[in-house]
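Reading the structure
Listed below, chain by chain, are the residues.
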Amino acid sequence: SFVGTEGYLPPEGPGSVQADIFSLGKTLYEVATGKDRLEFPELPTLTESAADEAGLFELNEVLLKACHADRERRYRTAAEMHADLVLLQAGKSVRRSRAVERRLALLTRVSVAGAALTTRREPI
């Protein structure tokens with residue numbers, strides 16, 4: 001059995017960096033939304049403005065990653081999570097940043113595969 005508060009404990013239990021990030025994500029969820037951690041990932045339905053709503057959706061991207069059920073899909077370090085929060089604080093989009101990263105990774109894989117296919121070895 002695990003010792004801890006329901007809703008803050010990740011599926012795999014406590015005792016790792018990813019478990020702490022999960023708990024922090026749930027805490028930030030409660031602070032940002034005013035909802036109980038057991039309601040995660042439900043977002044509030046009423047916001048004051050479209051800007052508030054957009055900001056909440058951006059923050060939700062960070063929270064979804066921090067609280068992912070699969071620990072391998074969570075932030076690996078608190079520094080990674082902090083970097084995304086700083087990005088949000090600067091008014092940038094985490095969603096857009098992740099899309100660019102995915103496209104760059106795909107382009108890199110395609111380029112490597114293309115280079116491998118076009119490189120021919122000359123017979124000796």
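All residue numbers here refer to positions counted from 1 along the written sequence of the relevant chain. Confidence filtering applies because this is a predicted model: local features only for residues at pLDDT of at least 70, side-chain atom pairs given and counted only at 80 or more, and all residues used for totals across whole chains, interfaces and linings. Only hydrogens and water are set aside when side-chain values are computed; all heavy atoms of the structure are taken into account.

1. Things to note about the overall build of the protein
Using the following cut-off: Helix and strand assignments follow DSSP, with helices taken as H or I runs no shorter than four residues and strands as E runs no shorter than two, numbered in order from the N terminus. Values of the radius of gyration come from C-alpha atoms, whereas the globule rule sets the reference at 2.2 Å times the count of residues to the power 0.38. Accessibility here uses a 1.4 Å probe with only protein chains present; expressed as a share of the type maximum, an area under 20% marks a residue as buried, one over 50% as exposed, and anything in between as partly exposed. For this analysis, residues touch if any pair of their heavy atoms sits within 4.5 Å. Using a 1.4 Å probe, the Shrake-Rupley method yields the accessible areas, and only the shown protein chains count as cover for residues. In this charge count, Lys and Arg are treated as positive and Asp and Glu as negative; neither His nor the chain ends contribute. A charge is said to be at NZ when it belongs to Lys, at CZ for Arg, at CG for Asp and at CD for Glu.
The number of helices and strands found in the protein is four helices and zero strands. Along its sequence from the N terminus, the protein presents helices and strands in the succession α-α-α-α. In summary, the protein has a C-alpha radius of gyration of 19 Å against a globular reference of 14 Å for 124 residues, an excess of more than 25%. The 124 residues of the protein split such that 27% are buried. Intrachain contacts of the protein at a sequence separation of at least 6 include 46% that bridge at least 24 residues. Accessible surface, the protein: about 8800 Å² in total, of which carbon and sulfur atoms supply 58%. Of note, the protein has its 17 positive side-chain charges centred 10 Å away from the centre of its 18 negative side-chain charges.

2. Describing the packing of aromatic side chains
Rules: Only rings of Phe, Tyr and Trp enter the pairing, Trp through its six-membered ring, and a pair is recorded when the two centres are within 6.5 Å. The plane angle decides the type: under 30 degrees is stacked, over 60 is edge-to-face, the rest tilted.
For the structure shown, the criterion picks out one aromatic pair. Seen in terms of ring centroids, Tyr-29 and Phe-40 are 5.2 Å apart; in terms of plane orientation they differ by 85 degrees. Their pairing is edge-to-face. Of this pair, Tyr-29 sits in helix H1 (residues 17-33) while Phe-40 sits in the loop between H1 and helix H2 (50-66), and the two are eleven residues apart along the sequence. A single burial state applies to Tyr-29 and to Phe-40, both of which are buried.

3. Remarks on the nonpolar core
Rules: What we call a nonpolar core is a set of buried Ala, Val, Leu, Ile, Met, Phe, Trp, Tyr and Cys residues that are connected through their side-chain atoms within 4.5 Å.
Of all hydrophobic cores here, the largest spans 13 residues; its most connected members are Val-62, Ala-66, Tyr-75 and Met-81. Going through the elements one at a time, H1, H2 and helix H3 (78-89) are the ones with two or more residues in this core. Not counting chain neighbours up to four residues away, the residues in contact with Val-62 comprise Tyr-75, Met-81, Asp-84, Leu-85, Leu-88, Val-94 and Arg-98.

4. Focus: the pattern of salt bridges
Applied cut-off: A pair is scored as a salt bridge if a Lys or Arg side-chain nitrogen falls within 4 Å of a carboxyl oxygen belonging to Asp or Glu.
Throughout the structure, instances matching the rule amount to seven salt bridges. Arg-37 is the salt-bridge partner of Glu-30, the closest N and O atoms lying 3.6 Å from each other. Looking at Arg-37, the relative accessible area reads 15%, which means it is buried. A salt bridge links Glu-72 to Arg-76, with the shortest nitrogen-to-oxygen separation between them at 3.4 Å. For Arg-76, a relative accessible area of 47% gives the class partly exposed. Overlapping salt bridges, with partners in common, bring together Glu-30, Asp-36 and Arg-37 in one network.

Function cannot be read off these values alone, since they describe shape.
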